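Architecture at a glance
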Amino acid sequence: MYRQGDVLIIPVAEGEVPACAPVPRDRRGRMVLARGEATGHAHVVGGPGLELLADLDDPERMFIDVPTHGRVSHEEHGPISLPAGHYRVVRQREYIPGAFRPVAD
């Protein structure tokens, strides 16, 4: 497993990845795992042929397909290298009265 701030990246078998669609890149051409609401910083993933995918039934569930190698970066954290494989992205959540929401930096 890999953690960078409020983002956890868990290796999964290819068969554990549901039907997914590519997540659109942001205006700067980045594949964003999570964006900080307060700082504007973002957890970004990249690499040759790498795909960021969202579950068609639950767009908040994201997966990463890494054919050779990848890298997760953020302005306030050290970079993390990802070896080839399939990963599930889990965002840390917090409780507010009556609901849970993703943590925002």
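1. What about the overall build of the protein?
When helices and strands are counted, the protein shows zero helices and 10 strands. For the protein, the N- to C-terminal ordering of α and β elements is β-β-β-β-β-β-β-β-β-β. Residues counted as buried form 33% of the 105 residues belonging to the protein. For the protein, the proportion of contacts with a sequence separation of at least 24, taken over those separated by at least 6, is 54%.

2. Focus: the confidence of the model for the protein
Mean pLDDT for the protein: 85, with 84% of residues reaching 70 or above. The element-level mean pLDDT for the protein is lowest in strand β10 (residues 99–102), coming to 51, with strand β7 (residues 62–74) highest at 95.

3. Some details on the nonpolar core
If you look at soluble globular proteins, the nonpolar side chains tend to sit buried side by side. Ranked by size, the top nonpolar core spans 18 residues in total, and within it Ile9, Leu33, Val45, Leu52, Ile64, Val72 and Leu82 carry the most contacts. Every element with two or more residues in this core is listed here: β2 (7–12), β4 (31–35), β6 (51–55), β7 and β8 (77–91). The contact partners of Leu82, leaving out residues within four places of it in the chain, are Tyr2, Ile9, Val45, Ile64, Val66, His69, Gly70, Val72 and Tyr87.

4. Notes on the pairing of β6
Of all five residues in β6, four are buried, a share of seventy percent or more. Sheet topology note: the strand β3 (residues 20–22)/β6 ladder contains three bridges and is antiparallel. By the bridge assignment, Pro22 is partnered in β6 with Leu53. Here four bridges tie β6 to β7, and the two strands are oriented antiparallel to one another. Note that in β7 the partner of Glu51 across the bridge is Asp65. Count of turn residues in the β6/β7 antiparallel hairpin: six residues.

5. Observations concerning the environment of Gly5
By secondary structure assignment, the location of Gly5 is in the loop between β1 (2–4) and β2. In sequence terms Gly5 and His43 are 38 residues apart; their C-alpha atoms lie 8.6 Å from each other. Discounting residues that sit within four places of it in the chain, Gly5 has contacts with His43 and His77.

6. Quick word on the side chain of Gln4
With respect to the helices and strands, the residue Gln4 is situated in strand β1. Its relative accessible area of 3% is what places Gln4 among the buried residues. A polar contact of 2.9 Å, which involves the side chain of Gln4, links it to the side chain of His43.

7. Looking at the packing of aromatic side chains
Across all of its chains, the model carries one aromatic pair by this definition. Seen in terms of ring centroids, Tyr2 and Tyr87 are 6.1 Å apart; in terms of plane orientation they differ by 70°. Their pairing is edge-to-face. Linking Tyr2 in strand β1 with Tyr87 in strand β8, this pair joins segments that are 85 residues apart in sequence. When its relative accessible area of 24% is taken as the criterion, Tyr2 is described as partly exposed.

Conventions used here
Here the residue numbering is sequential within each chain, running from 1 through the sequence in written order. Local features in this predicted model are restricted to residues of pLDDT 70 or higher, and side-chain atom pairs are both shown and tallied only at a pLDDT of 80 or more, whereas totals for entire chains, interfaces and linings draw on every residue. Only hydrogens and water are set aside when side-chain values are computed; all heavy atoms of the structure are taken into account. Counting from the N terminus, the helices are DSSP H or I runs at least four residues long and the strands are E runs at least two residues long. The rule is simple: take the accessible area with a 1.4 Å probe, protein chains only, and divide by the maximum for that residue type; under 20% is buried, over 50% is exposed, in between is partly exposed. Note on contacts: a residue pair qualifies if any of its non-hydrogen atoms lie within 4.5 Å across the two residues. Confidence of the predictor at the level of single residues is captured by pLDDT, which takes values from 0 to 100. To form a nonpolar core, buried Ala, Val, Leu, Ile, Met, Phe, Trp, Tyr and Cys residues must be joined to one another through side-chain atoms within 4.5 Å. When DSSP finds two or more bridges between two strands, those strands count as paired. For this analysis, a polar contact is any N or O atom pair within 3.5 Å, provided that within protein one partner can donate a hydrogen and the other can accept it, and provided that sequence-adjacent residues contribute only side-chain to side-chain pairs. Here is the rule: rings of Phe, Tyr and Trp (six-membered ring for Trp) pair when centre to centre is within 6.5 Å. Planes less than 30 degrees apart are stacked, more than 60 are edge-to-face, and the remainder are tilted.

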